[in-house]
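What the coordinates show
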Amino acid sequence: MKAGLKITFLGTGTSQGVPVIGSTHPVCLSTNPKDKRLRVSVLMSWEAYNFVIDCGPDFRQQMLANHVTKLDGILFTHEHADHTAGIDDIRPFFFRQGDIPIFAHERVVKALKKRFDYIFADENRYPGAPAVSINTIAKDVSFKIGNTMAIPIEAYHNRLQVFGYRIGGFTYLTDIKTMEEDQLKKIINTEVLVVNALREEPHHSHFNLQEALDFVEKVQPGKAYFTHISHLLGFHDEVEARLPENVHLAYDNLVVEI
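Below is a short write-up of the structure. (Residues numbered from 1 in each chain as written. Predicted model: local features only at pLDDT ≥ 70, side-chain atom pairs only at ≥ 80, totals over all residues. Heavy atoms only, no water.)

1. Notes on the overall build of the chain
- Regarding its fold elements, the chain presents eight helices and 14 strands.
- In summary, the chain has a C-alpha radius of gyration of 18 Å against a globular reference of 18 Å for 258 residues, a match within 12%.
- A principal-axis box enclosing the C-alpha atoms of the chain has dimensions of 55 × 45 × 35 Å.
- Counting contacts in the chain only where the partners sit at least 6 residues apart, residues at least 24 apart contribute 64% of the total.
- Only carbon and sulfur atoms are counted for the fraction: they give 50% of the accessible area of the chain, which is about 11,600 Å².
- Positive and negative side-chain charges of the chain, numbering 27 and 32 respectively, have mean locations separated by a distance of 3 Å. (Helix = DSSP H or I, 4+ residues; strand = E, 2+ residues; numbered from the N terminus. Rg over C-alpha atoms; globule rule 2.2 N^0.38 Å. Contact = heavy atoms within 4.5 Å. Areas by Shrake-Rupley, 256 points an atom, 1.4 Å probe, with all protein chains shown as cover. Lys, Arg positive; Asp, Glu negative; His and termini not counted. Charge placed at Lys NZ, Arg CZ, Asp CG, Glu CD.)

2. Topic: the layout of surface pockets
- Approximately 190 Å³ is the volume found for the largest pocket.
- Forming the walls of the largest pocket are 16 residues, and the residues nearest its centre are Thr14, Ser15, Gln16, Leu198 and Ser230.
- Considering only residue class, the lining of the largest pocket consists of three nonpolar, ten polar and three charged.
- Roughly 160 Å³ of volume is contained in the second largest pocket. (1 Å grid on protein atoms, 1.4 Å probe; cavity = no way out; pocket = protein on both sides within 12 Å on 5 of 7 lines; lining within 4 Å. Points joined across faces, edges and corners; volume = space filled by probe spheres on them. Nonpolar A, V, L, I, M, F, W, Y, C, P; charged D, E, K, R; others polar.)

3. Here's the deal with the pattern of salt bridges
- Under the counting rule described, the total for this entry stands at eight salt bridges.
- Its salt-bridge partner being Glu79, residue Arg107 comes within 2.8 Å of it at the nearest N-O pair. Of this pair, Arg107 sits in helix H4 (residues 106–115) while Glu79 is found in the loop between strand S4 (73–75) and helix H2 (81–84), placing the two residues 28 residues apart along the sequence.
- Glu79 sits in the buried class, given a relative accessible area of 16%.
- With its nearest N and O atoms 2.7 Å apart, the salt bridge here joins Lys186 to Asp140. (Salt bridge = Lys/Arg side-chain N within 4 Å of Asp/Glu carboxyl O. Buried < 20%, exposed > 50% of the residue type's maximum accessible area, 1.4 Å probe, protein only.)

4. Description of the sheet that holds strand S3 (residues 49–53)
- On the basis of which strands lie adjacent, the open sheet formed by seven strands has the order S6-S5-S4-S3-S2-S1-S14 and mixed pairing. Among the strands making up the open sheet, the edge pair consists of strand S6 (132–137) and strand S14 (255–257). Within this sheet the neighbouring strands show an average axis-to-axis angle of 20°, counted without direction.
- Bridge analysis of S4 against strand S5 (residues 100–105) gives two bridges, and the strand direction is parallel. Its bridge partner being in S5, Leu75 is matched across the sheet by Phe103.
- Contacts from H4 reach S5 and S6, with the element oriented near 120° to S5. (Pairing = 2+ DSSP bridges. Axes fitted to C-alpha atoms, helices over the stretch in contact; angles between N-to-C directions.)

5. Concerning the sheet that holds strand S11 (residues 192–196)
- The strand order S7-S8-S9-S10-S11-S12-S13 describes an open sheet built from seven strands, whose pairing is mixed. Two strands lie at the open edges of the sheet, namely strand S7 (143–145) and strand S13 (247–249), each paired on one side alone. Ignoring strand direction, the axes of neighbouring strands in this sheet form an average angle of 30°.

6. Focus on the packing of aromatic side chains
- Applying the stated criterion across every chain yields a total of twelve aromatic pairs.
- Relative to Phe95, the ring of Phe94 lies with its centre 5.8 Å away and its plane at 55°, an arrangement referred to as tilted.
- Overall, the relative accessible area of 52% leaves Phe95 in the exposed class.
- When the ring of Phe163 is compared with that of Tyr165, the centres are 6.4 Å apart and the planes differ by 45°; the resulting orientation is tilted.
- Residue class for Tyr165 comes out buried when judged on its relative accessible area of 0%.
- By the ring-pair criterion, three or more aromatic residues cluster together here, those being Trp46, Tyr49, Phe51, Phe103, Phe143, Phe163 and Tyr165. (Phe/Tyr/Trp six-rings, centres within 6.5 Å; stacked < 30°, edge-to-face > 60°.)

The structure is reproduced here in structure tokens:
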């Protein structure tokens, strides 16, 4: 990677997004744009390359909002709907570019084939369906995206294996609760760390705010940004004001450059 890396937070919300449909919670009623969160995803851009991590149900809206006209690939963290349900909306990119590369654990590929069989069909393809080129990734095996390398980082979302990724000085982790020490070592000295911080109260499969802060203290990144945030964490500005100097709440359409 010869040029700098630009990270755009496409979405920073949890599985239901913020506001939650029908909710009268004060955060859901907030008029602050930073309290409105689409499902979690980031766009990584450098030189002429654009890669996204995850494509949830808000993918189309996110691509339009950020004027993305070219997509070089999708890295999946895991198979849950809030991270994969937007895959059909790669169609405009497919029509212009051809098969869109995807990078995922073998288990995630199997789940996508089951839920989106028409995208992965070898024969009798529906004429309007998009297509992908599959790149199966594995623990401790780096892989190439564009002209740089991505390092998979294994963690657990309760008992479900998930992948985070390190690309140069940038590390992205979401939906994590635990991580083995050998994987943690891959993150040390990262310039920018993104990690999930769901809410104040403990959760069975996500870091809460204190766990996310403890993780940052252990990893010691240059800067950290919290994502996959629910309305239960509180108002963006109030939470941000309580965080350490080098730790921030991410928000939709925030851009960070490395």
